[in-house]
Structure formats: structure tokens, C-alpha cells
Amino acid sequence: MGPDVPLLNDYKQEFFWKRFPQTILGGPRLKLGYCAPPYIYVHQLVLFLTPWLLGGIGTLLYQLRVLDEACAGVVSGVFMLGVGATLQGLARCMARRTGLVQRLPAASNILADEEEVEFTHCVAPETVRFVVPGKRFVGNVVLHTFLAGALCGLSTWYLLPDRLNSLYGHPGAGLGAVVPLFALSWVTVCIGEYSLIVNTATETATFQPQDTYEITPLNRPLYILAFIAVDLALSFSGSGVMELQVAAQVLHVLFVALPVLWALGMLSPLDALLLWAMEQTLVHGLGGSAMSTNIRLLVMFLSSVCVAICSFFIPSSLGVVLFTVAMGYLLSQDLTQLLVLLKGTSPTLGLGWWGLPLSLLLIIGALTEAGLLHQLYLIDRGNLTLGVNSVEHWESFVGPPSPQEVIGWLLIALFLITHLLRELQGACVLGGAMLNPLYPKRVMTAQAFRRKTRGLRVGGIIRRILLNLVSPLAMIAFLSVDESLEKLHTASLAIGFTRAFRMVWQSSEAALLQMVLVVIIRLAGGHRVARWHELGTTVQLILVSLVVNRVSQFVCKLSFALTVLITSWTESKQRRQSAGTLLALNAALCPLLLAVVALSALLSAPLLPLFTLPVFLVGFPRPLRSWPGTPGTACPCPDSVYYQQLCKRLASALRPALANGAFGSCTPGSHYLGRFQGRLLWISVLERGYGYCTVNIKGLELQETSCHTVEARRVDEVFEGAFDHVERPGQCFRLLNPHWGNALTPCSMLPVRVYSDAQNVLTGIIDSPDHLRQLNSDFLKTLVWILLRYCVQELTRGAPQTKGQSLQTSGRKSQSSQHAVPSEPDPAVVTVAMGSQVRPESSSSCHLRGQDSSSLSSFAEWSDEDDLFGPVTMRRPMRMMVRTDEGQTELGLGVSLPGSVEIHSLYESMALSSLPTLRPLGLGLGLGLPIVDKGKDKIPARTSTTVPSNSQPLHFTSPHSELFSLPSEWRTAQLASSKLQVLRPCFPEAWFCFCLSQLVVETFGEGEFEQVTLGLQEDRALRDLYTQVVLSCCVALGADAQMFSPNLLFRLYCGDGPWTEGLEWLRANKELHQLTLRAFRYSVKLLVDQASLGPVESLDELYTTLQDYHNNWFIGLVTDHSWQDSVVQEKPFLFSLGHDLTMGAYTSRVLSLQENLVQVGVLNEEGVRGQWANLSWELLYATNDDEERYSIQAHPVMLRNLTVQAADPPLGYPIYSSPPIHLRCL
């Protein structure tokens, strides 16, 4: 769509202009969009001004000197408490009434506004419910009512005119300033009271999608109470604290501006404010890190506060050093991994139990060093502190340097070396402006990449040692000899040393930078400034940390703002009609723009570009994760499985890259974008500690939309420009990053074992007559191989004995069963194999042999000794033999072949000519026969034109044939014998014998293979059994065509072939149907391979090829659940057939698991936070969920569409999101 697509559609614009005035006023709905009685507006106006009227009573009584300050506030508060209780009681009473009786509307108009209400009179239930909706929870009714009274009373005291006069130092002479301040301040109080006790407006600053516990009504009153609390503190201190008085004066002015700040969404909701405050205190005040979940943040914050309190009460400076060093190390670890170890599972990509002794050695060494240095160098204060003598050392460099000065120079050297080595690890240097000349160019394979980056990896290992081992010990030494340790019993120094020793472990790189800056300031003469020197080293580190963090945020936010500004004009598809006007306004108001950027950086709040236009607001402060929930929520689809497999492998590849510094500083809040073929991965850093990093990996959609495609193409161009080093004219421009200024800066390539997706058009293969002619033969051979392998798998699955024993035991069983004669020939004997599938076995008992029936046609080669008519109704008791692993248990008389199902006919000793006419093949069900009158005794004889059911045991000549026998129900196909007779010569007997010989060798470890194989190959009954089943499956599936068409082949591959005579029988035998379908798919894959690689020249090659298909391939459909299972299990290859309707061609898709290079780049984290802040405002407040809205359109520089996709649901829609992944990066 064009750049001038509406920011909000017509319906949303009307909705927005109804909601926004309500938000400004705190809840009164003065613009409804439909005609409402005047008393609706009067009710809301009166309730809005009620706090002012009640506060005015208290103020008047005070001004008349009837009451003092406190009593005036109490009177106003009690009045407001009564009004609030009355309103809430009335609302609950009306809610109960309307819950029992609902008024029916006079006219049902489905096109009416969804908020339209029909009012009858001024105190009707619907009127009360509209004006005062009430609270959902009784507890909130009580809490909000008492809070409303307290707020009104305190506001009355806070806004007394005499207090305002005395605060600004002009008693009795400032009516011109006090009256507007008094009036506007009461407007702020009325807005807060209305949202608390009457009706709550939707806030522009929305953090949670749903307000389940009614926290939103508390937002504005608690901000008002926070302002009042400063005046209370000033009052209790006796007005002697100048800082409090100045703060109170400033806050009184800001108090008037609170409605504007609420309307602009600059003030955080309570939950976001609490999380943000804990995170900022933990990071900058206590030396911790932003955490991956809210629970972890709360636990870590409380633990860190407890450590700071304990360090304050430790009397010995040595004890403080040892305690803070040890606790800093423990708190900088992810202790949840210990729970993982105790549960018996290996930690995620960690060292396991080996990490415990290594950690113990490291902490013992650090404690020993800190204790020795503190004792040796702080005994003599005059020589070892940075007092007056030390100041002279820093200033004049006369005499021997102090120990801290020497360690300071060492820290500077360590910082320069580690920073240089980190810069060389990535593809770009100098903030992405220049390409790294040492980074490998035009690398296509993982092996070549490893070979060319061997030197960089050595540098990364050196950096890792310096940063993780040398630097912490050097920084501990620097702090252990600090003079401030003698003044520990102050809160600032206790917190400072707790933070400093924690930062040494938690974020070694950031701590090293901060200490180096402190040392440089001292070298530059900063010690001459008395106030700076009096702060002490640890408090200086806190200030430096805040300054460095805010300056880096300012730079990133300013870069993001300039990108939005410049691209709004330079990108033609982003150039709206208002672009020139907005550019002129931003240029004219440049100081205001810089002030907005600076304020957002100072608050660590996102810079919000409204609708992603160059209109910038300060978003409300929130945690770095930007979202309230725990990471791991996604909108799954069938493509999610590819990211699930890729995520595990990518996490392993991220470990060395993060440890070596290839991704830069990699602090919590950083975002990275990975690219491989059509897959885009969004990597967010959630938490960082000593030797570990916690990340969240998201997968973006694979079905690329037009916007997605535009940005994905630009991502590819950015990576190509950095990793391929496209030659450009001129030596001076050769190393410049051609896409510098883009939101994405290339970092590194990672060798990852991932599926490579290849799709080919099968034109000329699937429609070639020569190739299709071979398909019939290949299918029969493949089916024979699959059925034989199925028998072997069933044997090994049900028999736990060794292979050699299995061969010998099966031979003995077969020989004994052939000579077994039942003790009583009359009853039937049924043998059931426990724990295994019932399989038909051979039997040569003479009493089971029937006579040939001339009325039933069959193959000339079939044995005439089987009972062709199948079983009839049993009229005598059965005898059952149960086979277990220990032996056989006889449950009835007679001896039977273990595992066989033998049914003895009642007419076993009679000639067939004397038997009554029986129903052929129907097993007494009459399937497929014409309707017969129930009263008739005789059924006319019919000539059978189908192959009879062979459910009776077969006569095998080899004692081992029973191992390869097929289930009896697979021989019950109702097929015309003429079809099978025609296909009989097609059966691959040579291939059948070859497969038998190969399987015998593979299956059994001992025995005379030649004799066993010869016996199996000469067993005519076994060969006839496979001939019948294989040809029956071929006919039933519809694969007996002389020449396949591409359409028929594709339908059969998908399991959706045309109806055939035996299709229902085949589908009834689900296992046989799956085996047949698998055989056909294997044969199609074989067809494609032979067309591409050449024909199969020998039986051994064919056997090896099928074996490879079975072991290393999944051949099926993309929509199969087994396809996803195979991807998760990392099957080496996957093959599928498809039909491209747009091209009208058949395609193949092959996934091959191999090591490929995944390209990764870092994103502008402030740009991501800003776009996510706009997304939250636009969807949660403006409800602008239009799929074609402007803020979701493609932006090749900001990557706007991809950023929106990567947001957490319900605002974003990643198709995969991993739970927080713990990575060991030591």
C-alpha cells in the first residue's frame, strides 16, 4: 500500500476521539457518539466537581480559622468517604437488581453503536450503571472508598492557600499566582478522585493487556499521594531541609501538569513502575543485572538489598571485603542451575558438576587475594591510602606510586586490550561504520569459516581469559586497597562497596570501563575537586555507571530519531504528504526534540515515535524486556517446528560467539537478528551474569507477505555487504559499511547444524514415460523389501533373546510344530502370543487339509491344501495356548504351534462335495452380496470370481518361514483373480530371494546362513504368500496401471488415490495400508533419484538405497505429523512431493540436515523499544488493529514489519518463542 494510508480508519478515528477526552478528564464520558439525555452529563459533571466542593468546605473553615490545617483535611476526607461509600453501595445495589431483571430494548438495531444505552429516567438502573459502573471485587470497594477519603483530606491540606503562600515565600501577596495554582491543582485532584471512585478511564500508558485486579484506578491517586508525601516530609522536618523545600516548590508546579502527563502516557502504570524501579535499583545501585522474569527480578532485588544491609552492620573492614566479594560472586551466578543439577538433569548448555569445583577454586583465590591485599596495604594508612599523600602521588608523580595507582594503570591496559580484541571479533568496527578487514570474506561452508577464523578464535580465547579471570582479580585488588573502606559505616559506602564487588563478577566488562573512567578522571586532576573526592571510589563508580548508561541511551535514541526523520523523506515509499511539514517542525523545534530525547534517556524510557512518524513522545518507563509476561509465548503453526530444531543448535553456537565478544558488549536489552535461507530469528538478551547469559529466541513467519519480503530482502543485502565484501571503486571506500545507518549492523556468522531447504520442479521427471514405466517394478520391489523388513522388526521387537539364539530357537519351534498333533481333533486350539502381535504360522497337519473346489478360481501355483472357505461358527469349546517368555501355559487340551491361530472346521473330515453351500469370503457377514430373504434356508450356489480368503495356516516347507509369515488378515483381499493372474509375472522373485538372503545375514548373528537362506528361497508357500499380498496391495492401492500419469502418481503419493476394488479392504488393514503407502512413496523417491543420479544398476545397490531411505530419510507429506516429529528428532533428510497450483507443476521438497552458516546482526535496541512502545500504545489504547495500518508497513531501514512481528503476543505474532535459555559463556 502507499505511504498515505490512513493512520486510523474512520471507525477507529471516531472511537479515538470519544476515548481521548475521557482519558484527559479521568473518566467522564462527555462525548458518546449518540444522543443521550442531559441528566447524564449533569450527573457526571456534579460527581467530577464533588471533591472540589468538599475540599472547598474544609478550606473555607480553615481560612475562617474555625479549624486548623489537620482538622480541615479530616473534615473534607470524612465527607468524601461518605460520598464514595454511597456511590459504591448504590452501584452494587443496582447491579444486583439488573442481575435479576434485564430490560429488553424497545428496538433491536444490530447496526447501533456497541456502547449505546437506552436511558429511561435519571435514577434508572441503567443510568446508575452507566455513570458509576462499580467494582468487581468487594475488597476493592472498601480499599478505593477509604483511599478516596484520604486523598481528598490530604489534598485539602496540600492545597491550602496559606501553605502555597508560605511555600513560595510571598505570604499574603501572591494571589495572582496562588489562585491559578490552587484552581488547576484541584482539577488534578478531581481527575484522580473520579478515576478512583466513579469511573476509570482507559490510560494511554497501558502495560498489561487486561486489568484483571482493577489496578488502573489506583494509578492517578497514588501519583497525587506521592507529590503530597514530599510536602509531608518537609512539614515533619520543620522546613529546615533546603533540598526538600526546592523539591516541594517544583512538584507543586508539576502537580498542575499531571493531567497532561497522564494524557501523554509519560507516567508508568503501577506494575510497570514497580518493575522498572526494582530493575534500575538492582542494576545501578546494587550491581545486578536485568532479569529474565518478574519473579527472578523480585527475588534477586530482595537478596541484594539484604546483602547491602548486612555489609552495613559488619564491624570489620576485612569482613566487609570478604563478605561482599563472596556474595557478589554468588549473586552473579544463576543459582537455579544448581536445582537442575540436583534433579539429575544436565544444565542447559553448561559444564555440569565440573563447574562447581572450578567455581570454588576461583572464589577461594579471589578471597585470598582480597584479604591479603587489604591486610598488607591498609595497615599503614599514611602509605597506602589515597589521602593527602596519595593525592600528591596522583598530582605530581613524585615518589613511588601508590598500589591503587599501579593497579589503575593495569586496568587501563586490560581495558584497551580486551576492547581491541572484542572489536576484531565482529564483522564491523567503529560502531558499524567500517568493515573489519580481518574478518573472512565470501565464505560458503562451515569448514572454511572455521579454518579462516582460527586466528580470531585464538584472540577471542585470550580476551576471554583476560576478561573473566584476570580483570575480576585486578578490580578486586583495586577496591581492596581503597581508603573508603575505613568509612564503611555510612549507607552510601555500604551500598557502594556491595555494588562494586558485585559488578566485578556480574558484568566484568562494564565494571572495567567504569573503573578505568574513574582512574582517568583522577589522572586528569579530578581529585582536586573536593566534593568529587569526598564521595569515595564506590560512589564515584555509581555516578559513572549512571552517566555512561544514560549517555549511551541518548546516543542510541538520537540515532533512532534521526533515522525516523531522514527516512521519512529519503525513502519514497515512506514519504507522506505531511513529511515536509513534519521535517520543518522538527528542525524549528530542534531544542525541544533534543530535550525529549534527553528526558527519555534520563528516565530510561523508550522514545515513542507516534504511529512511527517523526512525532516523538516520551514513553512511560518500563523494564528492558518491554513486556509484562514471561518470555516463551508464541502463535504456533506447522512451520514452528523448524525453529524448534534450529533453536537448540543455535543456542550451542551462540555460546562461543558471546564469550569471544563477536556480538559486542551484549548487555540485557540487546536484540539480534539471525538469517538463514527463509528463516528469520529474533534473539533477545534477557539476563547477563558471570560466565552465563540468558536469551530468548523467536522465530518469525516463513509465509512471507509483501512487507515481510521487502524487509527480508534488505536484511540479505545488509549481510551480503558485510560478509561478501562487494567490491566498490576506490580504496578509501572499500572498507566502509554500505548500509551504515540501518537498524541492523552485521556481527558474525555462526556454524549451525540446521535443515537446508531445497525445492525443485519435477517437470521432465514425473511426467517422463521412461521414468514412469519403471515405477511399477520399483514399487513391487520396494513393497517386498518393506514387508520382509516389517517381519524382521516384529521378530526383534517381540523376542528379547539374542540373534543367534533366535535363529536356532525358531528352527526348533518350526520343526516341532510341524509334527505336533492335537490330542483331540474336535475342538479348536488358539495360541496367543503375549506382548506381541498375533501372526499366522504354518501347519502341516493332515486333518487341516481340505479338498480342492472347482467352483473357486485361484492361481495355478497356489497350494490346494488350504481351507478356502474360511472359518464357520464355532459350536465347541476352544482350547487356548498362551506363550510367555518363560514358556507356554496350556489353558485347554491339545498342542499347537506357539503364536499361531488355528481354527479347526466342524467339517474337517468331510468331503467338500458333501458340504452345504457356504458364503465365500464373507466370514458370515454377507459383505458385497445381494440381499437375501431371511426365511430362505438355501442360498443359490455362486461361482466365485475373487481370490479366496486364506485365513487358514499355511504349509511351509522351511522351518524358518514362519519368521517371515504375514498376518492372516492381510490375505483376505476380495479381488478378481484375473487381475492378479495378469500381474503374477511382475512379482520380482529374484529380488525376493535376494532380500531374504540379506535379511537373514543381518538379522541373525550365528547359524548356517546358506542352508537357512536356501530353505527360505525354495519355500514355495512363502513365495506365494508374498506374491498374493504384494499384488493384492498393488491392485488395491491403484498402482497396477500400465502407465502412470503425473496426477495419479501425486494422488497415490498423498494417499488420495481413486477408488479401486480392494481399497476398502486395504484401508481396513491400517498397518498394511501404511506400509503400502510408504512403499509407494519410497518408489517415487527412487524414481526422482534415478532421474537425477542415474539408474540403479544392481540388486545390491537397490538394497543399499532402500536401507538408506529407511535409516536416514523421512519420505512423506509436509502436513503429516510424522514430518514434524522427524524434524524435532533431526532425521538427516526429509522428502515431500507437492503441487504448485500457480505454476501448474509438481515439485519436490528436500530438507537436509547439515552444518550451515547463520548470519547474525545486532539491532538498535532503542529503536526496537521505541517501536514496541508505539505498538503497545496503538493497539492497547487506540485499538488500531488494522492489518494494513501505516505502522506495520515495510520499512527497509527501521525493519518495522519484522519488529512488530517479534513483539510478544497478543500484540506481536512470532510463530515460535523459546523459554529463557541459559547459556554458559565463561
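Fair warning: this is a prediction, and the values are worked out from it, not measured in the lab.

Regarding the overall build of the chain
Counting its regular elements, the chain contains 41 helices and 16 strands. Each of the 1226 residues in the chain was classed as buried or not, and the buried ones make up 52%. For the chain, the accessible surface area stands at approximately 54700 Å², while carbon and sulfur atoms represent 63% of it.

Considerations on the confidence of the model for the chain
Scored by pLDDT, the chain comes out at a mean of 81, with 81% of its residues at no less than 70. The low-confidence segment residues 100-114 (pLDDT under 50) makes six contacts with residues lying over four places distant or belonging to another chain.

Some details on a nonpolar patch on the surface
A cluster of nonpolar side chains, namely Ile 57, Val 74, Val 78 and Phe 79, defines an oily patch on the protein surface of about 340 Å² accessible area. In terms of residues, the nonpolar patch owes the most to one element, helix H3 (residues 69-100), which gives three residues.

Concerning helix H28 (residues 706-723)
Counted at 1.5 Å a residue, the expected span for H28 with its 18 residues is 26 Å, and the 26 Å between its end C-alpha atoms agrees. Looking at H28, one finds that the buried residues are Cys 707, His 708, Glu 711, Ala 712, Val 715, Val 718, Phe 719, Gly 721, Ala 722 and Phe 723. On its buried face, H28 sits against strand E2 (434-435), strand E5 (671-676), strand E6 (679-689), strand E8 (744-761), strand E14 (1145-1163) and helix H41 (1200-1205).

Topic: the pairing of E5
With six of its six residues buried, E5 lies for the most part within the structure. On E5, burial covers both faces: His 671, Leu 673 and Arg 675 on one face and Tyr 672, Gly 674 and Phe 676 on the other are all buried. In terms of strand pairing, E5 meets E6 through six bridges, oriented antiparallel. Bridge pairing links Gly 674 to Leu 681 in E6. Where E5 hands over to E6, the hairpin turn is made up of two residues, of which Gln 677 adopts a positive phi near 50 degrees.

Here's the deal with the pattern of salt bridges
This structure, assessed with the given rule, holds 22 salt bridges. Of the charged contacts, one joins Arg 675 and Asp 716 as a salt bridge, the two residues approaching to 2.8 Å between their closest N and O atoms. Placement of Arg 675 in strand E5 and of Asp 716 in helix H28 is noted, with a sequence separation of 41 residues between them. The partly exposed category is assigned to Asp 716, whose relative accessible area is 23%. A network of salt bridges, in which partner residues are shared, links Arg 422, Glu 423, Arg 463 and Glu 509.

As for the packing of helix H12 (residues 294-313) against helix H13 (residues 317-331)
As a packed pair, H12 and H13 sit with axes 10 Å apart at the nearest point and diverge in direction by 175 degrees. Taken together, the axis directions place H12 and H13 in an arrangement best described as roughly antiparallel. Facing Met 300, Ser 303, Ser 304, Val 307, Cys 310 and Ser 311 of H12, the residues of H13 in contact are Val 320, Phe 323, Thr 324, Met 327 and Leu 331. Class assignment for the residues of the contact of H12 with H13 results in seven nonpolar, four polar and no charged.

Quick word on a positive patch on the surface
Side chains of Arg 451, Lys 452, Arg 454 and Arg 457 sit close together on the surface and give a patch of like positive charge. When contributions to the positive patch are tallied by element, the ones reaching two or more residues are helix H19 (446-452) and helix H20 (454-480). Within the secondary structure layout, Arg 454 lies in helix H20.

Quick word on the packing of helix H18 (residues 403-425) against helix H22 (residues 508-523)
In a packed pair of helices, the relevant descriptors are the angle between the two axes and the axis-to-axis distance. One can describe the packing of H18 onto H22 by two numbers: an axis separation of 9 Å at closest approach and a directional angle of 130 degrees. The angle between H18 and H22 places the two elements in the oblique class. H22 is crossed by H18, and the crossing has left-handed handedness. Contact with H18, carried on its side by Gln 404, Gly 408, Trp 409, Leu 411, Ile 412, Leu 414, Phe 415, Thr 418 and Arg 422, involves Glu 509, Leu 512, Leu 513, Met 515, Val 516, Val 519, Ile 520, Arg 522 and Leu 523 of H22 and no other residues of that element.

Examining the nonpolar core
One finds Leu 787, Phe 964, Tyr 1026 and Phe 1080 to be the most contacted residues of the largest nonpolar core, which totals 78 residues. Ranked by the residues each element gives to this core, the list is headed by helix H29 (residues 769-798), at 14 residues. Counting 50 residues, the second-largest nonpolar core is a separate cluster that includes Leu 32, Phe 48, Leu 147 and Leu 159.

Some words on the packing of aromatic side chains
Under the criterion given, the structure shown has 38 aromatic pairs. Ring plane angle 50 degrees and centroid distance 5.5 Å describe the contact between Trp 627 and Trp 1172, whose orientation is recorded as tilted. Here Trp 627, found in the loop between strand E4 (616-618) and helix H27 (640-660), pairs with Trp 1172, found in helix H40 (residues 1165-1181); they are 545 residues apart in sequence, far enough to count as distant. In terms of burial, Trp 627 and Trp 1172 fall into one category: buried. Each member of the aromatic cluster is reached from another via a ring pair, and the members are Phe 16, Trp 17, Phe 20, Phe 611, Trp 1177 and Tyr 1181. One cation-aromatic arrangement involves Arg 576 over Tyr 1190; the distance from NZ or CZ to the ring centre is 4.9 Å. For Lys 1085, the ring lying beneath its charged end belongs to Trp 1113, and the centroid distance is 4.0 Å.

Thresholds, definitions, all that
Residues numbered from 1 in each chain as written. Predicted model: local features only at pLDDT ≥ 70, side-chain atom pairs only at ≥ 80, totals over all residues. Heavy atoms only, no water. Helix = DSSP H or I, 4+ residues; strand = E, 2+ residues; numbered from the N terminus. Buried < 20%, exposed > 50% of the residue type's maximum accessible area, 1.4 Å probe, protein only. Areas by Shrake-Rupley, 256 points an atom, 1.4 Å probe, with all protein chains shown as cover. pLDDT = per-residue confidence, 0-100. Contact = heavy atoms within 4.5 Å. Patch = residues over 30% accessible without salt bridge, like charges linked within 9 Å, V, L, I, M, F, W, Y side chains within 5 Å. Salt bridge = Lys/Arg side-chain N within 4 Å of Asp/Glu carboxyl O. Expected span 1.5 Å × (residues − 1). Pairing = 2+ DSSP bridges. Axes fitted to C-alpha atoms, helices over the stretch in contact; angles between N-to-C directions. Parallel < 35°, antiparallel > 145°, perpendicular 65-115°, else oblique. Nonpolar A, V, L, I, M, F, W, Y, C, P; charged D, E, K, R; others polar. Lys, Arg positive; Asp, Glu negative; His and termini not counted. Charge placed at Lys NZ, Arg CZ, Asp CG, Glu CD. Left-handed = near helix turned anticlockwise from the far one by under 90°. Core = buried A, V, L, I, M, F, W, Y, C linked by side-chain atoms within 4.5 Å. Phe/Tyr/Trp six-rings, centres within 6.5 Å; stacked < 30°, edge-to-face > 60°. Lys NZ or Arg CZ within 6 Å of the ring centre and 35° of its normal.

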